[in-house]
Amino acid sequence: MTTVRGYAAQDARSPLAPFQFERRAPGADDVELDILYCGVCHSDIHQARDEWGGSIFPMVPGHEIIGRVTRVGTNVTRFKAGDSVGVGCMVDSCRVCTSCKDGLEQYCEKGGPTFTYNSRERQGQQPTFGGYSSALVVDQSFVLRVPDSLDPARAAPLLCAGITTWSPLHRWNVRAGQRVGIVGLGGLGHMGVKFARALGAHVVVLSHSENKRQDALRLGAHEFVVSSDAAQMKARENSFDFILDTVSAEHDLNAYLRLLRRDGQMVLVGVPEKPLELGAFTLIGTRRNLAGSMIGGIRETQEMLEFCAQHEVVSDVEVIPIQQVNDAYTRILRGDVKYRFVIDMKSLK
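Each value, and the rule that gives it
Numbers given to residues run from 1 along each chain, matching the order in which its sequence is written. In keeping with the model being predicted, local features are shown solely for residues with a pLDDT of at least 70 and side-chain atom pairs are shown and tallied solely at 80 or more, while totals for entire chains, interfaces and linings include all residues. Hydrogens and water molecules were not included; the side-chain quantities draw on all heavy atoms of the structure. When a carboxyl oxygen of Asp or Glu is within 4 Å of a side-chain nitrogen of Lys or Arg, the pair counts as a salt bridge. Only DSSP runs of H or I with at least four residues qualify as helices, and only runs of E with at least two residues qualify as strands; both kinds are numbered from the N terminus onward. Each residue is placed in one exposure class: buried if its accessible area under a 1.4 Å probe, protein chains only, is under 20% of its type's maximum, exposed if it is over 50%, and partly exposed if it falls in between. Residues enter patches when their relative accessible area tops 30% and they take part in no salt bridge; the joining distance is 9 Å for like charges and 5 Å for the nonpolar side chains Val, Leu, Ile, Met, Phe, Trp and Tyr. Exposure was quantified through the Shrake-Rupley algorithm and a 1.4 Å probe, taking into account, for residues, occlusion by the shown protein chains and nothing else. Each direction from the helix axis to a C-beta atom contributes to the arc, which is the arc of those directions. The contact criterion used throughout is that any non-hydrogen atoms of two residues lie within 4.5 Å. Strand pairing follows a simple DSSP-based rule, namely that at least 2 bridges must link the two strands. Geometry is summarised by axes, namely lines fitted to C-alpha atoms with helices restricted to the contacting stretch, and by angles between N-to-C directions that run from 0 to 180 degrees. Each Phe, Tyr or Trp ring, with Trp reduced to its six-membered ring, pairs with another whose centre is within 6.5 Å; inter-plane angles below 30 degrees give stacked pairs, above 60 give edge-to-face pairs, and intermediate values give tilted ones. The rule for a charge over a ring is simple: NZ of Lys or CZ of Arg within 6 Å of the ring centre, and within 35 degrees of the ring normal. Roughly parallel means an angle under 35 degrees; roughly antiparallel means over 145; roughly perpendicular covers 65 to 115; every other angle is labelled oblique. The nonpolar class holds Ala, Val, Leu, Ile, Met, Phe, Trp, Tyr, Cys and Pro. Asp, Glu, Lys and Arg form the charged class, and all remaining residues, Gly among them, are polar. Throughout, right-handed denotes a crossover for which the path from the first strand over the helix to the second runs clockwise when the strands point away from the viewer.

Next up on the list: the pattern of salt bridges. Following the criterion strictly, the structure yields 25 salt bridges and no others. Residue Lys194 is joined to Asp316 by a salt bridge in which the shortest nitrogen-to-oxygen separation is 2.6 Å. Here Lys194, found in helix H5 (residues 189–198), pairs with Asp316, found in the loop between helix H10 (298–311) and strand S16 (317–321); they are 122 residues apart in sequence, far enough to count as distant. Judged by its relative accessible area of 14%, Lys194 is buried.

Next comes the structure, spelled out in C-alpha cells:
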C-alpha cells in the first residue's frame, strides 16, 4: 500500500479539504504514476454534492488526469518510467461483454465500467479515488499515452470534455464539406468547435446570447447564431448535416432539430436535470435523427489524443492550485471560466 495525499469531500455539504488515503501496491499489470495535472469537470460538482444520487463518501474527485509514470508491473510492456500518460473517466470494466470486446468499455454491459472515482473496484468493495491526488495506480489497459507535443495542462480536459465531444463527431463521420452546429460554448462546446473545425467542417456556434460571438470565432467557428433570436433560427432551418448539443440546462430540443436537413443527425452530450420535451413530427416529418453519446472507449480516446497532437487541438484552461478548488466550483456554477479549470497537482502539500 502507498500513502497518497489528496482533496476530498467528506459528505455532500462539505467543501473539499486535505485528505490522506491508501492506494494499492502496483500489481503485475499496473502502472503507477505521479499526477501532474487534473481537470475540473462539472460532473465532479454533481457527484461531490450528490446531485445524481448514490455518491460514495469520502470522495476524491477528478477524471481528467495527466501524469508521469514512476513504475510499472512485470507484465507491463507498453509503458515505462518517465512516460507521459493520461487516465480518463474509467479504470476498469468487465472486458468480456460485447461492448468491451468492441472497444466500447464505457458501455460495459456487466454493471457498467469502473469509474475513476465514486465507484468501487471490481474485485472488492474498495472505493475508487480520483485525480485530485498526488499519485494513482491503474491497470495498464486503462492508461493512455499522451503525445509529448501536447501541453500537459491543456491536454488534461481532453480525457473527458475532449473525448465526450470527439466520440460523436467521430462516430457519425463528421467531415469536410458538412455544415455542423455546436449548441452551447462551454467546457464541452468549445472542444466541439475545435474538433469540428479540425475535421474540415463548416462550424456554426448556436448560443442563447450575443456575448460569446467573438470567442466562438476565435476558437474556429465560421458563423455564430443567437439561438434566442427566432429570425436567425428560422433562416437556418433544414441547413445542418450534424448538430452536437452540449447544453446541460433545460432547453427546447425541437428548435434545434428543425435546423437539420433531411436525414440529419443531432447528438446530445449534455445532461439536463429534467427530461426534455420532443415533438414527434419534428423528427418524422423530415426523417431527422436524435441520439445520445457519452465518453469514448480507450482505443478511441487514444486515437483522439493522436489527432490532437497532429492538429494542435487542446483545451482553453485556467490553471489553479488545489487550494482554490472550492472557489473554482463556485465559479463554474456561475459560468465564470474559459473554458476549463485545471489543477496543478504540484501545489498539493
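What follows covers a nonpolar patch on the surface. Together, Leu104, Tyr107, Phe115 and Met294 make up an exposed nonpolar region whose accessible area comes to about 300 Å². Note that Phe115 resides in strand S7 (residues 114–115). The exposure class of Phe115 is partly exposed, given its relative accessible area of 33%.

This part is about helix H11 (residues 325–333). For H11, the full list of buried residues reads Val325, Ala328, Tyr329, Arg331 and Ile332. Projected onto a plane normal to the axis of H11, the buried residues spread over an arc of 165 degrees and lie on a single side. Buried residues in H11 make contact with strand S1 (2–8), strand S3 (30–40), helix H1 (42–48), S16 and strand S17 (340–344).

Whether parallel or antiparallel, the strands of a sheet pair through hydrogen bonds between backbone atoms. With parallel pairing, the 6 strands of this open sheet are ordered in space as S12-S11-S10-S13-S14-S15. If you trace the sheet from one side to the other, it starts and ends with strand S12 (223–226) and strand S15 (289–292), each paired once. Sheet twist, expressed as the average angle between the axes of neighbouring strands with direction ignored, equals 20 degrees.

Attention shifts here to the packing of aromatic side chains. Evaluated as defined, the whole model comprises 6 aromatic pairs. Clustering of aromatic rings is evident, with ring pairs tying together Phe19, Phe21 and Phe129. Its end group placed over the ring of Trp172, Arg171 keeps NZ or CZ at 4.9 Å from the ring centre. Taking NZ or CZ as reference, Arg179 lies 5.0 Å from the ring centre of Phe240, over its face.

Where helix H4 (residues 161–171) meets H10, the axes come as close as 10 Å, and the angle between the chain directions of the two elements is 95 degrees. The orientation of H4 relative to H10 falls into the category roughly perpendicular. Listed contacts from H10 to Gly162, Ile163, Trp166, Ser167 and His170 of H4 are Glu300, Thr301, Glu303, Met304 and Phe307. In terms of residue class, the contact of H4 with H10 is built from 4 nonpolar, 4 polar and 2 charged.

We now examine the environment of His46. One can find His46 in helix H1. Between the C-alpha atom of His46 and that of Asp139, which follows or precedes it by 93 residues, the distance is 26 Å. Those residues in contact with His46 that sit more than four places away from it in its chain are Glu51 and Trp52.

Consecutive side chains of a regular strand alternate in pointing toward one face of the sheet and then the other. Burial along S12 is two-sided: Glu223 and Val225 facing one way and Phe224 and Val226 facing the other are all buried. Inspection of the sheet shows strand S11 (residues 202–207) paired to S12 by 4 bridges, in the parallel sense. Directly across from Val205, in S12, lies its bridge partner Phe224. In this region the chain leaves S11, passes through helix H6 (residues 213–219) and returns to the parallel neighbour S12; the handedness of that crossover is right-handed.

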